[in-house]
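# What the coordinates show
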Amino acid sequence: MAEKLDIPEEFQSSLIPELLTDDTTIQFNCHPGVSCFNICCKAADVTLAPYDILRLKKRLGMTSSEFLDKHTVPFETDGHGTPGIKLRTDDNKTCLFVREEGCSVYEDRPAACRYYGLGLLSHRAQGSSDDVQYYFRNKEAHCQGWNSEQVITVRDYRQQQGVPEYDEINREWMQLMLKKKSAGPAIGKPDPLSFQLYFMASFDIDRFRRFVESPAFAKVYIVSDADRAAFQDDVILQKFAFRLLRQVLFDEQTIPTHENVLEKRWEERKDIIELRHNAAVELHLKKAEEDRRVALDSSDQKGNDLCGSDGCQP
């Protein structure tokens, strides 16, 4: 049975407010024969996850940095400025990979495209260390796929679309995002340097590989020669990147470090870190004072607007 779900108001036009499981049956099929074929690709808003980029940059024969520069645009995923990326479109919002005959990168299309017709929701209950994945219907007005005669379980549809491979790798990253969201501002709001690491480890795997191979990384973290050799595999390196993010952002110690190295680095950089902290505090206080002045000026102006040559109006 489908569980009821509260959908944000801005999405209620197309998302059906219920949670589906792998065993839920749906009546849906998207294929070149439907009258709306390619329309969704001509109004594209595709958020990318890490494994999407691994597949697409390999398909296009690019480094991850080149792919990000040519085919994506950045955005902020939350109020803390956590970076995310979307597929770049043309000025008419059309996906750059769509052709009249269909998707030109179909075999390596992103997970969001594979799920189309459905959506994926990861939920972590308060006090729980595990997340649960649910699905929901996304019935856009133009979509004729829901008029298909194909009846299929969500599990079989996901298998048909090749989604499990994507979910298996992206889920670790989604768990990181859920942990950040639930941790609160004390842990969940990294400084700009942590944001840079987060972006590199999540989306720019070739740049992250150079970082892991650098002498500076070797001074801090202990990585075996066998592991370093395995890092030539993008997927293995991506999973290591998630471990590093957990260690840096949430202090989950799974990667050994050289003895006292972090303490030594703190001592070496203490003055710089304190200067940055003081500058951030000063900037915050300055902005608060400016906001206070603006509020006072606005209040004074409202008072003046109520007063004229014949006195002040109540």
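Scroll up for the structure.
Residues numbered from 1 in each chain as written. Predicted model: local features only at pLDDT ≥ 70, side-chain atom pairs only at ≥ 80, totals over all residues. Heavy atoms only, no water.

## Let's talk about helix α1 (residues 50-59)
Burial analysis of α1 places 8 of its 10 residues in the buried class, the great majority of the element. Of the positions making up α1, those classed as buried are Pro-50, Tyr-51, Asp-52, Ile-53, Leu-54, Arg-55, Leu-56 and Lys-57. Note on α1: the residue one or two positions beyond its end, Gly-61, has a positive phi of about 65 degrees. (Buried < 20%, exposed > 50% of the residue type's maximum accessible area, 1.4 Å probe, protein only. Helix = DSSP H or I, 4+ residues; strand = E, 2+ residues; numbered from the N terminus.)

## Things to note about the packing of α1 against helix α11 (residues 234-250)
Put simply, α1 and α11 touch, their axes get as near as 11 Å, and they point 155 degrees apart. One element, α1, and the other, α11, form an angle in the roughly antiparallel class. Crossing of α1 against α11: the hand is right-handed. When α1 is examined against α11, the residues Pro-50, Tyr-51, Leu-54 and Lys-57 are found in contact with a partner set consisting of Asp-234, Val-235, Gln-238 and Phe-242. Tallied by class, residues from the contact of α1 with α11 come to 5 nonpolar, 1 polar and 2 charged. (Axes fitted to C-alpha atoms, helices over the stretch in contact; angles between N-to-C directions. Parallel < 35°, antiparallel > 145°, perpendicular 65-115°, else oblique. Left-handed = near helix turned anticlockwise from the far one by under 90°. Contact = heavy atoms within 4.5 Å. Nonpolar A, V, L, I, M, F, W, Y, C, P; charged D, E, K, R; others polar.)

## A few points about the side chain of Asp-206
Within the secondary structure layout, Asp-206 lies in helix α8 (residues 205-212). Judged by relative accessible area, Asp-206 falls into the buried class, the value being 13%. Within the structure, the side chain of Asp-206 is placed 3.0 Å from the side chain of Arg-209, a separation counted as a polar contact. Residues in contact with Asp-206, not counting those within four places in the same chain, are Lys-57, Thr-63, Ser-64 and Asp-234. (Polar contact = N/O pair within 3.5 Å; in protein donor to acceptor, adjacent residues only side chain to side chain.)

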